[in-house]
Amino acid sequence: MTVHFHQGDLPDDLDLGPVVAVDSETLGLRFRRDPLCVVQLSAGDGDAHVVRLNRPAYDCPNLKRVLADREVMKIFHFGRFDVAMFRLHLGVETAPLFCTKIASKLARTYTDRHGLKDVVRELAGVDLSKAQQSSDWGADALTPEQMAYAASDVLHLHVVRERLIAMLEREGRMDLAQACFDFLNVRARLDLEGWDEIDVFAHS
């Protein structure tokens, strides 16, 4: 594993290919209170690119271009949160995308354990450490432990995606999963506009 650190934005000449795993780190889970601090990406080649964003300007045209590029598939785990954060702070609609958490819930119906750690352990055979999950991502400098944690969250998503696709296709649920992925940007808008804890499809 090689972790490449970038201050503010991705390099102009970086080509991450047609499928990119993406994750983000924030100071918390409330959209307008907690800022977006770090975005990490991997092309599935064993390398991770960790971008520490310049706040509050968020001047990162290269990163925004990747996220909005309709020719680049973005893989997330629980993309609903990241997509909303990117819309709020970066002003981009992230598409197309694949969410391994949604895919896991539709494919791995034999379990209720759909967190990244559990999914990666089963489908990629890797035991992730979550020790840095609640650390200070707004600090002036990231620690080596934070960098390694950020990288680990994207390094295995390509493998997980391929195995989940195989399971979804086997069970005839790929079309349903794709419809859910296509809806994620709408779900993100609902979250940002105040319906984050309300199921608008529920009867009551």
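Up top is the structure.
Attention here is on the structure that accompanies the text.

## Regarding the side chain of threonine 100
One can find threonine 100 in helix H3 (residues 100-107). By relative accessible area, threonine 100 is classed as buried at 0%. In this structure the side chain of threonine 100 is engaged in a polar contact, spanning 2.7 Å, whose partner is the side chain of histidine 77. With residues up to four places along the chain from it excluded, the contact list for threonine 100 reads Ile75, Phe76, His77, Leu157, Val160, Arg161 and Leu164.

## Quick look at the packing of aromatic side chains
A complete count under the given rule lists 5 aromatic pairs for this structure. Seen in terms of ring centroids, phenylalanine 76 and phenylalanine 86 are 6.2 Å apart; in terms of plane orientation they differ by 50 degrees. Their pairing is tilted. Residue phenylalanine 76 is located in strand E5 (residues 73-76), and its partner phenylalanine 86 is located in helix H2 (residues 79-90); the two are separated by 10 residues in the primary sequence. Here phenylalanine 76 and phenylalanine 86 have matching classes, each one buried. Judged by centre distance (4.6 Å) and plane angle (45 degrees), the rings of phenylalanine 98 and phenylalanine 181 are tilted. Pair noted here: phenylalanine 98 is in strand E6 (residues 97-99) and phenylalanine 181 is in helix H7 (residues 174-195), with a separation of 83 residues, a long-range link. You can call phenylalanine 98 buried: its relative accessible area is 2%. The positively charged end of lysine 101 is found above the aromatic ring belonging to phenylalanine 78, 5.3 Å away from the centroid. For the cation-ring pair, arginine 161 lies above phenylalanine 98, with the distance from its terminal atom to the ring centre recorded as 5.3 Å.

## Things to note about the nonpolar core
Residues Leu41, Leu63, Phe86, Leu90, Phe98 and Phe181 are the most contacted members of the largest nonpolar core, which totals 55 residues. Excluding its chain neighbours within four sequence positions, the residues that come into contact with leucine 41 are Leu10, Leu16, Val20, Ala21, Val22, Asp47, Ala48, His49, Val51, Leu63, Val66 and Val154. The next biggest cluster of nonpolar side chains, apart from the first, holds 8 residues, and it includes Cys37, Val50, Leu142 and Tyr149.

## As for the pattern of salt bridges
Using the criterion set out here, one finds 12 salt bridges in the structure. In this structure, aspartate 127 and lysine 117 form a salt bridge, with 2.9 Å as the shortest nitrogen-oxygen distance. Placement of the pair is aspartate 127 in the loop between helix H4 (116-124) and helix H5 (144-155) and lysine 117 in helix H4, with a sequence separation of 10 residues. On the accessibility criterion, lysine 117 (27% relative accessible area) is partly exposed. Across the salt bridge formed by arginine 121 and aspartate 127, the nearest N and O atoms sit 3.6 Å from each other. Three or more residues joined by partner-sharing salt bridges are found here, namely Arg113, Lys117, Asp118, Arg121 and Asp127.

About the cut-offs
Residues numbered from 1 in each chain as written. Predicted model: local features only at pLDDT ≥ 70, side-chain atom pairs only at ≥ 80, totals over all residues. Heavy atoms only, no water. Helix = DSSP H or I, 4+ residues; strand = E, 2+ residues; numbered from the N terminus. Buried < 20%, exposed > 50% of the residue type's maximum accessible area, 1.4 Å probe, protein only. Polar contact = N/O pair within 3.5 Å; in protein donor to acceptor, adjacent residues only side chain to side chain. Contact = heavy atoms within 4.5 Å. Phe/Tyr/Trp six-rings, centres within 6.5 Å; stacked < 30°, edge-to-face > 60°. Lys NZ or Arg CZ within 6 Å of the ring centre and 35° of its normal. Core = buried A, V, L, I, M, F, W, Y, C linked by side-chain atoms within 4.5 Å. Salt bridge = Lys/Arg side-chain N within 4 Å of Asp/Glu carboxyl O.

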